[in-house]
Amino acid sequence: MSKLDQILVLDPPCDLKFKGPFTDVVTTSLKLRNPSDKKVCFKVKTTAPRRYCVRPNSGVIDPGATVVISVMLQPFDYDPNEKSKHKFMVQTIFAPSHVSDMDALWKDAKPDDLMDSKLRCVFELPSENDKVNDVEATKAAAVMNFAKGDSAAAAVSVSASADDPEMKKVLEKCKRLQAELNKLAEENRQIKDDGIRMRKMPRSDHMTSNSTTLLGREASTASLPSLLVVIAAIFIGFFLGKFIL
């Protein structure tokens, strides 16, 4: 009787690729899909068991289901001139009606009932583009973490000094400035809306005069929030430098 063909569909089907650097654990995935209408037992073996950690390394796959296997390569000194001889084998067998003892099932299995697939391990070093992208990602993450750390420190400092009388006065001034900015912004928006409505209305000498007046008020008012923003920024910056730093 000839050996049975592998019933499971493997992804990847031939090579397990591990992408370096190999100074830390490198993990790759192996998908096992059961396209049959029967339960299938599987077991994953390797020629280098001390170099890899496989989770799960055995189990049962229901009909139509898929299991993802995580294969973790342990850190080692990589030599690009040395070819990898590591291999994996996925061994399978159709599950009986009731599976209670997996060890006994594999031990008593007949060779003709077993199916297997072999995979080769391939080690790859990252390309120059990958290295540049990793460096940029690391820098961006560091900047974001630093910014978050600074914001948290400033919040803690302000909270800790909130009971100081002088600090309370400064905070009150900041609130008043913010209220004035909001009020001017609202007036500015209202003037802009009036100006737009005036432009859409039929033109006349009287309307043109009113439009000119409104536009003048809009221009003069628009400059006030900017000036107050600058004053508020200078004031808050001086305050933070004095009380937080």
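Keep in mind it's a predicted model, so treat the numbers as computed, not measured. (Residues numbered from 1 in each chain as written. Predicted model: local features only at pLDDT ≥ 70, side-chain atom pairs only at ≥ 80, totals over all residues. Heavy atoms only, no water.)

(A) The overall build of the chain, seen in detail. Counting its secondary structure elements, the chain contains four helices and nine strands. For the chain, the sequential pattern of α-helices and β-strands runs β-β-β-β-β-β-β-β-α-β-α-α-α. Buried positions account for 27% of the 245 residues belonging to the chain. Accessible surface computed for the chain: about 16800 Å², of which carbon and sulfur atoms make up 56%. (Helix = DSSP H or I, 4+ residues; strand = E, 2+ residues; numbered from the N terminus. Buried < 20%, exposed > 50% of the residue type's maximum accessible area, 1.4 Å probe, protein only. Areas by Shrake-Rupley, 256 points an atom, 1.4 Å probe, with all protein chains shown as cover.)

(B) Representation of the sheet that holds strand 2 (residues 15–19). Pairing is mixed in the open sheet, where five strands are placed in the order 2-9-8-4-6. Of all the strands in the sheet, just strand 2 and strand 6 (58–61) have a single pairing partner and so form its edges. Within the sheet, the average angular offset between the axes of one strand and its neighbour, ignoring direction, is 25°. Here strand 2 runs beside strand 9 (residues 115–124); their pairing, made up of five bridges, is parallel. Across the sheet, F18 pairs through a bridge with F123, a residue of strand 9. (Pairing = 2+ DSSP bridges. Axes fitted to C-alpha atoms, helices over the stretch in contact; angles between N-to-C directions.)

(C) Summary view of the sheet that holds strand 3 (residues 26–33). Overall, antiparallel pairing links the four strands, which are arranged 1-3-7-5 in an open sheet. In this open sheet, the two edge strands, each paired with only one partner strand, are strand 1 (9–11) and strand 5 (52–55). Averaged over all pairs of adjacent strands, the angle between strand axes in this sheet comes to 20°, irrespective of strand direction. Note that strand 1 and strand 3 share three bridges and pair antiparallel. Directly across from L10, in strand 3, lies its bridge partner L32.

(D) Here's a closer look at the layout of surface pockets. For the largest pocket, the calculated volume is near 160 Å³. What lines the largest pocket is simply R51, F76, D77, Y78, D79, E82, K83, S84, K85, H86 and F123. Tallied by class, residues from the lining of the largest pocket come to three nonpolar, two polar and six charged. (1 Å grid on protein atoms, 1.4 Å probe; cavity = no way out; pocket = protein on both sides within 12 Å on 5 of 7 lines; lining within 4 Å. Points joined across faces, edges and corners; volume = space filled by probe spheres on them. Nonpolar A, V, L, I, M, F, W, Y, C, P; charged D, E, K, R; others polar.)

(E) Highlighting the pairing of strand 3. Alternating residues of strand 3 divide into V26, T28, L30 and L32, all buried, and T27, S29, K31 and R33, none buried. Bridge count between strand 3 and strand 7 (residues 66–73): eight bridges; the pairing is antiparallel. If you follow L32 over to strand 7, its bridge partner there is V67.

(F) Just the environment of A65, in detail. Relative to the helices and strands, A65 resides in the loop between strand 6 and strand 7. Accessibility expressed as a relative area gives 25% for A65, which makes it partly exposed. Sequence separation of A65 and R33 is 32 residues, and the distance between their C-alpha atoms is 5.9 Å. Excluding residues within four positions of it along the chain, A65 makes contact with L32, R33 and N34. (Contact = heavy atoms within 4.5 Å.)

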